[in-house]
Amino acid sequence: MAEVEKKEKKKQYDFKEFTTCEATLMMLQKAAEDGVETAFHRAADMKACPIGAESACCKHCAMGPCRLNPRDPYSKVGVCGATIDTIQSRNFARMVASGSASHTDHGMTMLDVFRGVVEGHIKDYQIKDEVKLREVAESVGISVDGKDTITIARELYNELEKTYTQVEGEIPFAKRVPPKTLEIWRKYGLVPRGAMREIMEIMHRSHMGVDQDYQNIIIQCGRAALADGWGGSMVATEISDILFGTPKPLVAAVNMGNLKEDHVNIIVHGHEPNLFESMIDSANDPVLLEEARAAGAAGIQLLGMCCSGAEVLSRHGVPHAGNFMSTELVITTGAVDAMAVDVQCIMQALPSLARCYGTRFFTTNPRCKIEGVEHIELHEHNPRECTDKIVRMAIERFKNARPEKIVIPQRRDLGVHGFSHEYINYMLGGTFRASYKPLNDNIINGRIRGVAGVVGCTNPRVRQDYVHVELVKELIKNNVLVVQTGCSQIALAKAGLMKPDAAVLAGDGLAEVCETVGMPPVLGLGSCVDNSRILVACSEMVRTGGLGNSIADLPVAGAAPEWMSEKAVAIGHYFVCSGVYTVFGVTFPIVKGTKFHKLLTEGLAEMGLGKWDFVEDPYEMARKMIAHIDERRRALGIMGPRERKLFDMADRRALETV
Ligand code: NFS
Ligand code: SF4
């Protein structure tokens with residue numbers, strides 16, 4: 001443990017205040033014994049800057065940095081005269097730009113792979129889901145009749161490339177937006193042209209001395225965020241489904257108990273599925289398996305973390321070791337032979353921690369190198385070169401460099417994952433009448449009060465998983481169906497709420513629907529880019545009818561209770577601009593009571609969009625989300641007492657026979 005800075009004076013921490021995840025808690029105790037520290041410790045030791053925490057500072061030019069007083073925000077302006085509203089909206093804009101850039105660049109990588117497959121340069125990935133290919137092509141106006149797969153794929157590629165490169169017009173997936181919502185976007189100039197242009201324009205407008213009208217800036221934030229949600233993220237999801245298969249529900253396990261002491265354990269952490277898909281092939285290669293056995297291992301255990309983990313959990317049932325705030329703690333088990341990372345949410349503290357335990361740590365993506373870390377680049381035309389090498393390094397570590405003490409928390413939580421919006425359609429409607437109508441009907445008759453998307457990160461500034469789990473429990477208890485992605489989905493999976501029998505925790509109406517259909521009250525949809533599945537589901541609900549004309553009319557709400565990344569802000573803003581009431585927890589960089597705050601929390605809704613809200617407490621958050629859902633129900637005229645029974649025996653039988 002030579003690399004570990006030993007603290008002069010030992011600080012006492014109450015680890016139960018750090019996390020509600022049992023496995024993570026156990027590993028925090030082991031970390032303390034081993035003398036290593038984590039982001040939990042660093043967050044406890046580092047007080048957030050109070051000015052930055054409220055976004056009352058600007059460092060966009062060298063006349064500053066300028067600090068205003070968040071307690072008296074209009075008492076001062078920056079050296080250039082920038083007001084608190086300009087400063088906050090520019091800071092917000094840059095978070096949206098960075099978050100949108102991350103998702104859209106990820107989507108672009110998927111599109112690059114797709115192009116390589118279509119052109120025949122890339123052989124290691126193929127088009128796996130032709131049905132989805134055709135559906136996506138039709139959804140953007142490509143006629144598929146009489147065309148072969150490659151022709152459709154080529155046309156789809158050319159169309160989807162516009163999501164990024166188009167300089168005027170509307171991004172292709174704008175065709176999926178409900179007409180009324182699109183009309184509002186057009187009215188306010190919110191329809192994205194192309195993601196590159198929108199993100200570039202934010203960076204330009206937020207430069208010193210350009211856009212100094214917070215209302216005008218927020219419109220550009222909307223265009224960039226929508227270019228993420230209905231653009232880059234949606235492309236990432238749809239192309240990944242086409243290349244790797246659209247998820248269908250399957251039983252899979254999460255938590256650190258998936259590590260196996262007698263196996264070579266390899267963790268893939270990051271966001272882009274191309275690394276993971278190739279790693280699955282490597283870990284199942286008979287030659288490499290034989291090498292693992294020759295080294296004394298019973299096999300190779302592959303596990304995911306964070307979002308690419310959530311994606312392959314949903315798609316292939318690959319076990320998942322934990323969410324963002326567990327990425328360091330899983331290493332302290334000592335059982336991880338190798339961790340391979342690609343992009344996003346990779347803490348720089350990981351490699352030095354890995355060194356303490358002899359865990360091999362590799363970066364694989366040219367966009368994300370870490371000083372002092374061995375880089376084995378993944379090339380899509382020969383991905384196995386990278387992933388085979390990593391597997392061999394892991395085998396080598398298993399054989400020669402395992403620490404004396406390995407502790408694996410024996411928690412393995414099973415649940416059902418992999419609910420794509422296509423499957424929700426099928427599940428509720430049945431094979432011959434796949435439709436969102438049963439969902440809408442159940443909402444109209446009140447069995448399901450509404451739908452909530454609970455998504456996003458975990459953050460060491462709040463107790464890990466606590467806000468996610470309490471919020472979701474409260475929502476389902478009140479008959480709100482919950483859909484999930486990302487690290488939040490893993491939090492709930494660990495808490496056991498992804499199992500159909502979690503319906504006992506739901507209110508009567510929701511429980512009845514869950515039991516009839518055989519689904520859990522909490523549906524996991526995959527990674528953060530898969531939030532685009534929620535957007536498509538919302539569009540389908542509007543299209544199906546009976547719940548208003550725009551997404552803003554729907555009895556739905558969203559939350560990122562433990563968010564930390566700029567990507568979460570981009571997601572929040574595209575949900576709000578799509579019409580969804582969206583609540584963020586932890587803290588938010590904004591000064592309450594400013595004009596900018598009022599615009600986010602009230603002004604956007606007055607334009608027919610959704611609105612932002614900021615609440616820390618999970619129960620208060622649930623209360624406000626339910627209040628919003630009820631307000632929508634009242635506006636739709638569906639607040640009345642619900643019918644006593646939706647499915648009679650004949651209906652049930654009909655459901656069982658399809
Ligand atoms: Ni989303 Fe995924 Fe997790 Fe947050 Fe990070 S992994 S893209 S950003 S921390 S949910
Ligand atoms: Fe200060 Fe204005 Fe420069 Fe920002 S842009 S650092 S507010 S002078």
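Here the structure is a predicted model, which means the values were calculated and not measured. (Residues numbered from 1 in each chain as written. Chains lettered and ligands numbered in written order. Predicted model: local features only at pLDDT ≥ 70, side-chain atom pairs only at ≥ 80, totals over all residues. Heavy atoms only, no water.)

(A) Structural view of the side chain of Gln-484. Positionally, Gln-484 belongs in strand S12 (residues 480-484). Ignoring any residue separated from it by four or fewer positions in sequence, one finds Gln-484 in contact with Val-454, Val-472, Gln-489, Leu-492, Met-498, Val-522, Leu-523, Gly-524, Leu-525 and Gly-526. (Helix = DSSP H or I, 4+ residues; strand = E, 2+ residues; numbered from the N terminus. Contact = heavy atoms within 4.5 Å.)

(B) Highlighting unusual backbone geometry. Residue Pro-65 is bonded to the preceding Gly-64 through a cis peptide linkage, with omega at -5°. Mapped onto the elements, Pro-65 comes out in the loop between strand S1 (57-58) and strand S2 (66-67). Phi at Asn-255 is positive, roughly 105°, even though this residue is not glycine. In the Ramachandran plot, Cys-345 falls in the positive-phi region, its phi being about 65° despite a non-glycine side chain.

(C) Representation of the environment of Glu-161 within the structure. Here Glu-161 is to be found in helix H6 (residues 149-165). Considered as a pair, Glu-161 and Ile-87 are 74 residues apart in the sequence and their alpha carbons are 34 Å apart.

(D) Structural context of the site of ligand 1. Neighbouring residues of ligand 1: His-271, Cys-306, Cys-307, Phe-324, Cys-345, Gly-456, Cys-457, Cys-487, Cys-528, Met-564, Ser-565 and Lys-567. Within the shell around ligand 1, the residues separate by chemical class into eight nonpolar, three polar and one charged. Of the residues that make up the shell around ligand 1, three or more belong to each of domain 2 (256-400) and domain 3 (427-636). (Near = heavy atom within 4 Å. Nonpolar A, V, L, I, M, F, W, Y, C, P; charged D, E, K, R; others polar. Domains from an automatic or database assignment.)

(E) Quick look at the site of ligand 2. With respect to spatial proximity, the complete set of residues near ligand 2 consists of Cys-58, His-60, Cys-61, Met-63, Gly-64, Cys-66, Gly-78, Val-79, Cys-80, Ala-82, Arg-90 and Met-208. Looking at the shell around ligand 2 residue by residue, the class counts come to eight nonpolar, three polar and one charged.

(F) Representation of the packing of helix H4 (residues 84-119) against H6 within the structure. Following both chains from N to C, one finds H4 and H6 inclined at 155°, their axes separated by 10 Å at the closest point. As the angle between them shows, H4 and H6 are arranged roughly antiparallel. The crossing of H4 and H6 is left-handed. Across the interface between the two elements, Thr-104, Gly-107, Met-108, Leu-111, Phe-114, Arg-115 and Val-118 from H4 touch Ile-150, Ala-153, Arg-154, Leu-156, Tyr-157, Leu-160, Glu-161 and Tyr-164 from H6. (Axes fitted to C-alpha atoms, helices over the stretch in contact; angles between N-to-C directions. Parallel < 35°, antiparallel > 145°, perpendicular 65-115°, else oblique. Left-handed = near helix turned anticlockwise from the far one by under 90°.)

(G) Representation of the packing of H6 against helix H9 (residues 214-244) within the structure. Where H6 meets H9, the closest approach of the two axes is 9 Å, and the angle between their N-to-C directions is 155°. One way to sum up the angle between H6 and H9 is to call them roughly antiparallel. Of the two possible hands of crossing, H6 and H9 adopt the one that is left-handed. Counted together, Leu-156, Leu-160, Thr-163 and Tyr-164 of H6 and Gly-231, Gly-232, Val-235, Ile-239 and Ile-242 of H9 form the full contact between these two elements. Of the residues belonging to the contact of H6 with H9, the class tally is six nonpolar, three polar and no charged.

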